[in-house]
Amino acid sequence: MNETVPHRDFVRQIVEDDLGSGKWKGKVQTRFPPEPNGYLHIGHAKSICLNFGIAQEYNGLCNLRFDDTNPEKEDTEYVDSIREDVRWLGFDWEDRQYFASDYFDQLYEWAEELIRRGHAYVCSLPPEQISAGRGTATQPGTNSPWRDRSVDENLDLFRRMKAGEFADGAHVLRAKIDMAHPHMLMRDPIMYRIRHAEHHRTGDRWCIYPTYDYAHGQSDSIEGITHSICTLEFENHRPLYDWYCSALGIHHPQQIEFNRLNLTYTVMSKRRLLELVQAGHVNGWDDPRMPSICGLRRRGYTPEAIRAFCRAAGVTKNNATIDIGVLENHLREDLNRRAERRMAVLDPIRVVITNYPEDQTDELEAINNPEDPSAGSRMVPFSRELWIEREDFHEDPPKKFFRLAPGREVRLRWAYFITCHDFVRDEAGNVTEIHCTYDPATRGGDAPDGRKVKATLHWVSARHAVNAEVRLYDHLFFREHPDQVEEPDQDWKSGLNPDSLKVVSQAQLEPALGTARQGDLIQFERLGYFCVDPDSSTQQLVFNRTVTLKDQWAKARTKD
RNA sequence: UACCCGAUGGUGUAAUUGGCAACACAACAGAUUUUGGUUCUGUUAUUCCAGGUUCGAGUCCUGGUCGGGUAACCA
């Protein structure tokens, strides 16, 4: 593969072609245009990476623009969260933060202009009749009885709409295009509707609001956007986008549509995510199981991993659903080289080193990150009584299980070889304690005689252990494609995974983890990557499992 | 149904724009390893169908099939 010629997706190819032909005089101007009516999710991250990425790569600029033309759904709460998320992802709009509502005056003037030129009219039909008059896919619509009002009457009515003389829904302003157009969207689409609603920025200054179609292209135009990049579902709107720009004779950006991101084992639409939050299936938008940016952040995802994933996901016009494992692998790749290693036991069982003195303590050196020598090392205390992971011991080991079992010798990481010679059971038959001897000559974890062990276990000294709550997350849905339900009467929520959150309340951690802080990237050896949750306090440490390590043994086990 | 769009291994993307179908992930096998992690090596597997143009088609043309989007006074 030729690495000097990186792959360019079709959007970047258009940008490069335009740069080559001088179409926009060497300028590249994009924008990320969220509606402030919800939180951003990983699908938006793809759009953010595309728009800001293209601007960076081609020496252009990318604006942040809030598409706030629907006062009933929008709120500054969302504006703030969107700003935070875009910045956290690593992008900077500098001083170019705009709002579609900044353009309401200009948009209004252009509407009057279209009325004067006979391209728009006030329609006084009730909503149901407008909808009925639009016809169907196979039948043309019928002209509104108000379609041929005079320019003066239209102007008068439109101004009175603006002045607040009419109730919501009494009139709308429509573009006069063609009620028989094969494309339904072109059958005299609505430009303005009356809404006596408080807007999060313009307050009660306006009671008429432009629709998306009437506002979006013109907002792009005002900002001098060259490439207006949006998702596939707006492909149908492009003729209208083009119609308004040409009718107005204004700067006319090129709208380019790409495929939105879908992931297996989750849902992605704002509507559905909101439903999960409101129905209490998750604990808010930043629940670590959510594919929202704030959820991923709380889960312990890094911006680097998300950006790398978005790059790898690709940009095409195919309906693509990416295996969520790809996202997780990009995260592991990033965390593997950055996270310091620590030892933690989530499901502890006691090990007694019978030949180790009761009151003795040993300090052993442990490497912090084998991938990064500069991360240094730390000391880990060792004593007679230890915790190891319950699943690391089997009194009757299955095939290919090479961890601890009666008569078996294994290594305790950075410590000693130990051999199991006995174990204790309670009345119910559960193993409660494992008795081992250690070999003092193997201090540090190497046998001078060169003998090998097949397993290395993580462990924590019982006397020195720190307590913590650890939250283990799994996929939000147990169905790979939540929409593909088994019974016809089921809906997507029937695939919600009841085990997507498991709380371990008594995890035992090595003492060095007692000082872990939010933002630390940590690997619990052999278990996965973890981060400190905001719920954590000095009284009660709380960790989230960000992602497990790959686990061949677990895989082999589930196969049987 | 009408309009619009798409179709390349299991998944996601490439193919110098008409010239040896490749990359990543997954799966499988092996090597290395003080994490059953990491790393390394290897294996399996791909152009929706039918015609046409051409010396040559994943790419161009025609017809079909399948999939998706839209059909709010949401964006």
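Residues numbered from 1 in each chain as written. Chains lettered and ligands numbered in written order. Predicted model: local features only at pLDDT ≥ 70, side-chain atom pairs only at ≥ 80, totals over all residues. Heavy atoms only, no water.

1. Digging into the confidence of the model for chain A
- Summary statistics for chain A give a mean pLDDT of 95 and a share of 99% for residues scoring 70 or more.
- Contacts for the low-pLDDT stretch residues 1-5, under 50 throughout, to residues beyond four places or in other chains number 0 contacts.
- Reported confidences for the modelled complex are a pTM of 0.95 and an ipTM of 0.94. (pLDDT = per-residue confidence, 0-100. Contact = heavy atoms within 4.5 Å.)

2. Things to note about the environment of Gln360
- With respect to the helices, strands and loops of the structure, Gln360 is situated in the loop between β14 (348-353) and β15 (362-367).
- What makes Gln360 partly exposed here is its relative accessible area of 35%.
- With 23 residues separating them along the chain, Gln360 and Ser383 place their C-alpha atoms 6.2 Å apart.
- For Gln360, the side chain forms a polar contact with the side chain of Tyr356, separated by 3.5 Å. (Helix = DSSP H or I, 4+ residues; strand = E, 2+ residues; numbered from the N terminus. Buried < 20%, exposed > 50% of the residue type's maximum accessible area, 1.4 Å probe, protein only. Polar contact = N/O pair within 3.5 Å; in protein donor to acceptor, adjacent residues only side chain to side chain.)

3. A look at the sheet that holds strand β6 (residues 190-194)
- Taken together, the 4 strands give an open sheet; going across it, the order is β4-β5-β6-β7, and neighbouring strands pair in antiparallel fashion. The two strands at the open ends of the sheet, each matched to only one other strand, are β4 (120-123) and β7 (208-210). Within the sheet, the average angular offset between the axes of one strand and its neighbour, ignoring direction, is 20 degrees.
- With 3 bridges connecting them, β6 and β7 associate as antiparallel partners. Bridge pairing links Arg193 to Tyr209 in β7.
- Those strands touched by helix α4 (residues 104-116) are β4, β5 (172-175), β6 and β7, and its axis lies near 120 degrees from that of β6.
- Strands β4, β5, β6 and β7 of the sheet are contacted by helix α6 (residues 151-163), whose axis makes an angle of about 65 degrees with β4. (Pairing = 2+ DSSP bridges. Axes fitted to C-alpha atoms, helices over the stretch in contact; angles between N-to-C directions.)

4. What about the pairing of β4?
- Residue alternation in β4 divides its side chains into two sets, Ala120 and Val122 and Tyr121 and Cys123, and both sets are buried.
- Across 4 bridges, β4 lies against β5 in antiparallel orientation. The partner of Tyr121 across the bridge, within β5, is Arg174.

5. Overview of empty space enclosed by the protein
- Applying the stated criterion across every chain yields a total of 3 cavities of 30 Å³ or more.
- In this structure, the largest cavity encloses a volume near 40 Å³.
- What lines the largest cavity is simply Tyr212, Asp213, His216, Gly217, His237, Tyr241 and Gln255.
- If you tally residues by element for the lining of the largest cavity, the top one is helix α7 (residues 212-222), at 4 residues. (1 Å grid on protein atoms, 1.4 Å probe; cavity = no way out; pocket = protein on both sides within 12 Å on 5 of 7 lines; lining within 4 Å. Points joined across faces, edges and corners; volume = space filled by probe spheres on them.)

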